[in-house]
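Coordinates in review
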Amino acid sequence: MPPRSRRGAGMGARAASAWQRIPAVRASDVKLWCARRIPILEWAPRYSLKENLVPDTVSGLHLAVYQLTQGLMFAGMSSVHPVFGLYGSLIPSIVYAVFGMGRHVVTGTFALTSLISAGAVERLVPRINSSSAANYSPDFLGLSDFEFQRIGVAAAVTFLGGVIQVAMFVLQLDKLTFLMSQSVISSMTTGAATHGVNALVKHLLGLKMPYISGPLGMFYIYAYVFNNIQSVQLEALLLSVFGIILLLILKELNEKFKKIIKIILPVELIWMVAVSLACYLADMKNSYDLDVLGHIPRGIPAPRAPPMNILSDVVIEGFGLAIVGYAASIVLAHRSPKNIKYSVDDNQELLAHGLSNVISSFFYCIPNAAAMGRTSFLLSNGAKTQVASLVSCSVILLVIYIAGPLLYWLPMCVLASVIVVSLKGMLMQFCDLKKYWNTDKYDCVIWICTYVVTICFAANIGLLFGVLFNIAVAVARLARAKVLQLETFDKDNCNVMENTTCEQCQKVKIVSVGMPLFFLNAKKFHADLMKIHLKNSEGIQLHDEPSKGEQNILLTPMTNEAHNGNSGHSQGSFANDPLARAGVTLARPSCTVRDTLILDCSRLSFFDYTGLSTLVEIYTDFTNRGVTVLLVGCKASQIKAMHYSGLESEQNIFFNSVSTAVAAVHLYKCYTHKPSDDSVV
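Remember, predicted model here, so these are calculated numbers, not experimental data.

An order of β3-β4-β5-β6 is seen for the four strands of this open sheet, with the pairing classed as parallel. At either end of the open sheet lies a strand with only one pairing partner, and these are β3 (508-512) and β6 (654-655). Strand contacts of helix α29 (residues 609-624): β4 (595-600) and β5 (627-632), with the helix running at about 150° to β5, the strand carrying the most contacts.

Take the confidence of the model for the chain next. Within the chain, residue pLDDT values average 78, and 77% of them lie at 70 or more. Scored below 50 in pLDDT, residues 669-681 shows 33 contacts in the model against residues more than four places distant or in partner chains.

Of note, Thr189 is situated in helix α8 (residues 182-205). By relative accessible area, Thr189 is classed as buried at 6%. At 2.8 Å, the side chain of Thr189 forms a polar contact with the backbone oxygen of Ile185. There is a polar contact of 3.0 Å between the side chain of Thr189 and the side chain of Gln429. When near neighbours in sequence (up to four residues on either side) are disregarded, Thr189 contacts Ala328, Met426 and Gln429.

By the definition in use, this model includes 16 aromatic pairs. Ring geometry for Tyr66 versus Phe377: centroids 4.7 Å apart, planes at 50°, classification tilted. Of this pair, Tyr66 sits in helix α4 (residues 49-77) while Phe377 sits in helix α17 (residues 372-380), and the two are 311 residues apart along the sequence. Given the relative accessible area of 10%, Phe377 is considered buried. Relative to Tyr609, the ring of Tyr436 has its centre 4.6 Å away and its plane inclined at 75°; by these criteria the two rings are edge-to-face. With Tyr436 in helix α21 (residues 432-439) and Tyr609 in helix α29, this residue pair connects regions lying 173 residues apart in the sequence. With respect to class, Tyr436 is no different from Tyr609; both count as buried. Cation over ring: Lys441 sits above Trp437, and NZ or CZ is 4.9 Å from the ring centre.

Our next topic: the pattern of salt bridges. Overall, the coordinates contain eight salt bridges when judged by the stated rule. The salt bridge involving Asp621 is made with Arg625; its shortest N-O contact spans 3.3 Å. Judged by relative accessible area, which is 21%, Asp621 ranks as partly exposed. Exposure remark for Arg625: the relative accessible area of 47% places this residue in the partly exposed category.

Of all six residues in β4, six are buried; the element is thus mostly enclosed. Along β4, one buried face is formed by Asp595, Leu597 and Leu599 and the opposite face, lined by Thr596, Ile598 and Asp600, is buried too. Judged from the five bridges that link them, β3 and β4 form a sheet pairing that is parallel. Of the residues in β4, the one forming a bridge with Ser512 is Asp600. In this structure, β4 lies alongside β5, joined through six bridges in parallel fashion. Opposite Ile598, over in β5, you have Leu630 as the bridge partner.

Reading the values: rules and limits
Residues numbered from 1 in each chain as written. Predicted model: local features only at pLDDT ≥ 70, side-chain atom pairs only at ≥ 80, totals over all residues. Heavy atoms only, no water. Pairing = 2+ DSSP bridges. Helix = DSSP H or I, 4+ residues; strand = E, 2+ residues; numbered from the N terminus. Contact = heavy atoms within 4.5 Å. Axes fitted to C-alpha atoms, helices over the stretch in contact; angles between N-to-C directions. pLDDT = per-residue confidence, 0-100. Buried < 20%, exposed > 50% of the residue type's maximum accessible area, 1.4 Å probe, protein only. Polar contact = N/O pair within 3.5 Å; in protein donor to acceptor, adjacent residues only side chain to side chain. Phe/Tyr/Trp six-rings, centres within 6.5 Å; stacked < 30°, edge-to-face > 60°. Lys NZ or Arg CZ within 6 Å of the ring centre and 35° of its normal. Salt bridge = Lys/Arg side-chain N within 4 Å of Asp/Glu carboxyl O.

Here it is in C-alpha cells:
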C-alpha cells in the first residue's frame, strides 16, 4: 500500500476510534438533562393538589393585584404605554415558572429595570418626536406609532439583556456572584427603591414634570418640585397621602389578624376599585383635572421581533439589565429555600432570567426581574410552588382580554400610592444598618457608600462601586489579618480527624476554621463543609480517657506542634477544664445518637456580615439535617454578631474549648440536660 494510502487509513482508524470513545446518548441522559434544565418537568408530576393547590391559588389571586399595579406603574417609569406593563407582568412569569427554581420568585416588571429601560427610551425616542402620535395603527391595538417606537426600544433592551444573561449561563459566570456581598446587594436594592419613589413623585403630587435622569437626577427632581410647588394638585396630594396611610394601617391589621380571619383581604384592590368608582361618578378627571390611567387596549398582539438595528445603541442598558437584574433576583431565589428546604442552582437561574427576557421581548415586554415585594408576599401568604405565579398570570390574562377598559378611571396618584406601599419592604432595609454596625463596622460603611453612589448616579454604577469597594476593603483587611495568605476553603483547609472503629459510638466531626470568613470565601466554605459532611458519613471515636480524646481532636499545624513538642501542656489545659475538675467520665453511649459537628473558631482572624450569616446558615442547615452543631472559641463580639445575623437556638452552643464541647456531648447526650454555666462561653 502506498504511504499516502496507509497514512489515510491510519487517520481514518484514529477518527473511528475517537468516535467510538464518545459515549452514546441514552434516553435516560436526555431525561436527566431536561429535568435539570426544565425544572417544571421535575416538580409538576409530584405536585400535591391536596396540600398545595389551596394556598397556591389564594396566594396567586392576591399576587395578581401586585402584578397588575406594578405592571401599570412601572410601564410608566419605563416611558411606555401602561398596557405593555401588563404584558411584562404576564409573559416573564410564565417563562420563569417553567425554567426557574425559586418557588417564591416571580419575575415581572421591576422599578430598577424600568428606570434602566427609560434611559434608552428617552434618549432614542424623545417626546419631542411625539408629533407622530396622531398616526394610529389599527392593526396594533389602536396605539400610535410613537408608542410602538418607544416599546421597540424597551423591547430591544429586554432582548439584549436576556441574551447577555444566557451567555453568562453558557460561560458559567454565576460563580462570580460571590463578589456581591449581602451588604452591597441590600444597599443597591434600597437605592433602587429610592429611585422608584423619586420617579413616582410627579404622580403623587399631580405635577406635570418632564423626564429627569442622569447623575444627581434625584436632586434635580426635588429642585423642580420646590420650584413648582404652586402647581401641586391638592386633590392628588390628599388622595396619595390618605391612600398610603390607609394601606399601611390595613396591611398591618391584615398581618396581625391573619391567623384569626384565615384569609388576607386584598386591601389594594378594594382601595383602587373604590377610588376608581368615585372618580367615575364624580367625574374627577374633568372636574379636578385629575390624571387617570386612560384607555387600556384589549388583547395581546402577535409576536414580533424587537428592532435589531438599535441593539448597538442600547449596549450599556443591556449590560445594566443583565447584571443588576440578576443580582437583585438571585438574592430572592436564595431567600425562600432557607425556610422551605430546597436548593437553587445559580447558573440555572441565569438561564431562567435570560430566557424570561429574551422570549418576552418578542411580546412587547419591558425589562423584567424578580422583586422583593412579590417574593415576600408569597412567603408570608404560605404559597408552596410556582403554581401561585401561574394563577396570578391567569388573572392578568383575564384583565388583558376582558377587564382592561374598567381601569380607565383609576387615578395615577392612587396607583402611585399603592406602588410606594409595595416598596416598603425594600425601603425598610435601612433598618439593616444597625445590624451591619453591630456585626461589622466595615460592612456598615460599605452599605452607606454604595447607597449614596446608587442614588446619586444609577443602580448599575452603585453595584459596580459596591463590588470594587468591598474587594478593596477585603484586601486591606487581609493585609492586616494574622493569616497572611488568602486561600480557598477546600478539604485540606478543613482539618478533620476520623476514627470509626466503634460503629455505635457518638459520631463527631471537628472542623478548625483557620482563616478569615467573609464574602469572598463564605459561600465556598459552606459548600465544602457540606461536602465533608456528606462524604465522610462517619466521625471520630470519642475515647473513655479525656487526655486521649483531647490529643486526637484536631490535626492542624498548631495542634500537631503542641502534641509533638508540648504534650504536657495539652493535658494540663484539659485538667484545668471545669468538666474535668468535676470528675466527668467520658463514657460511651449505649446507643447511637445524633451526629455532632464542632466548629473550632478560635483561629478565625476576622469576619464580615456575609461570613457570619453563612455561619448561621450552616448552623440552621445542619440542625435541620439532624446534626448537632457546637461552636468553640468564639469571641464575645462574634457571638453577639451571630445573634444579630439571625441565630436562633434554645440551647447553649458556645464553648471555651474543644475538650469541653466533646465532654458535653457525652455528659448531656446532645443537651438532654442543660450544661453548667461555667462550661459555656
